[in-house]
Amino acid sequence: MNTFGDATGFGEDLSTLLRFVAEGRLRPGVGWRAPWERIADAARELLDRRIPGKAVLDVGP
């Protein structure tokens, strides 16, 4: 059994979820996507509950 703050034991579960996404069996609801530099905008949108689904911040070059 995992408790809050316990980051052990999730590898298998995360692997299963990622496989489901790759196979199209699970579609996470992404309602907002932007570069990492817009983290403040993402936080504001989430806190104001203006995003239907998840916010994704892209990290990259």
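Look above for the structure.
It should be emphasised that the depicted structure is a prediction, and the values quoted were computed from it without experimental measurement.

Calculation criteria
Residues numbered from 1 in each chain as written. Predicted model: local features only at pLDDT ≥ 70, side-chain atom pairs only at ≥ 80, totals over all residues. Heavy atoms only, no water. Helix = DSSP H or I, 4+ residues; strand = E, 2+ residues; numbered from the N terminus. Buried < 20%, exposed > 50% of the residue type's maximum accessible area, 1.4 Å probe, protein only. Polar contact = N/O pair within 3.5 Å; in protein donor to acceptor, adjacent residues only side chain to side chain. Pairing = 2+ DSSP bridges. Right-handed = clockwise from strand over helix to strand, strands pointing away.

## Here's the deal with the environment of Arg25
For step 1, the next point in the chain: In this fold, Arg25 is placed in the loop between helix H1 (11-23) and strand E1 (30-35).
For step 2, the next point in the chain: Given a relative accessible area of 58%, Arg25 falls into the exposed group.
For step 3, the next point in the chain: Within the structure, the side chain of Arg25 is placed 3.1 Å from the side chain of Glu23, a separation counted as a polar contact.

## Focus on the pairing of strand E2 (residues 54-58)
Where a strand is regular, its side chains alternate between the two sheet faces.
For step 1, the next point in the chain: Judged from the 5 bridges that link them, E1 and E2 form a sheet pairing that is parallel. Across the sheet, Trp32 pairs through a bridge with Ala55, a residue of E2.
For step 2, the next point in the chain: Handedness of the β-α-β unit built from E1, helix H2 (residues 39-47) and E2 comes out right-handed.

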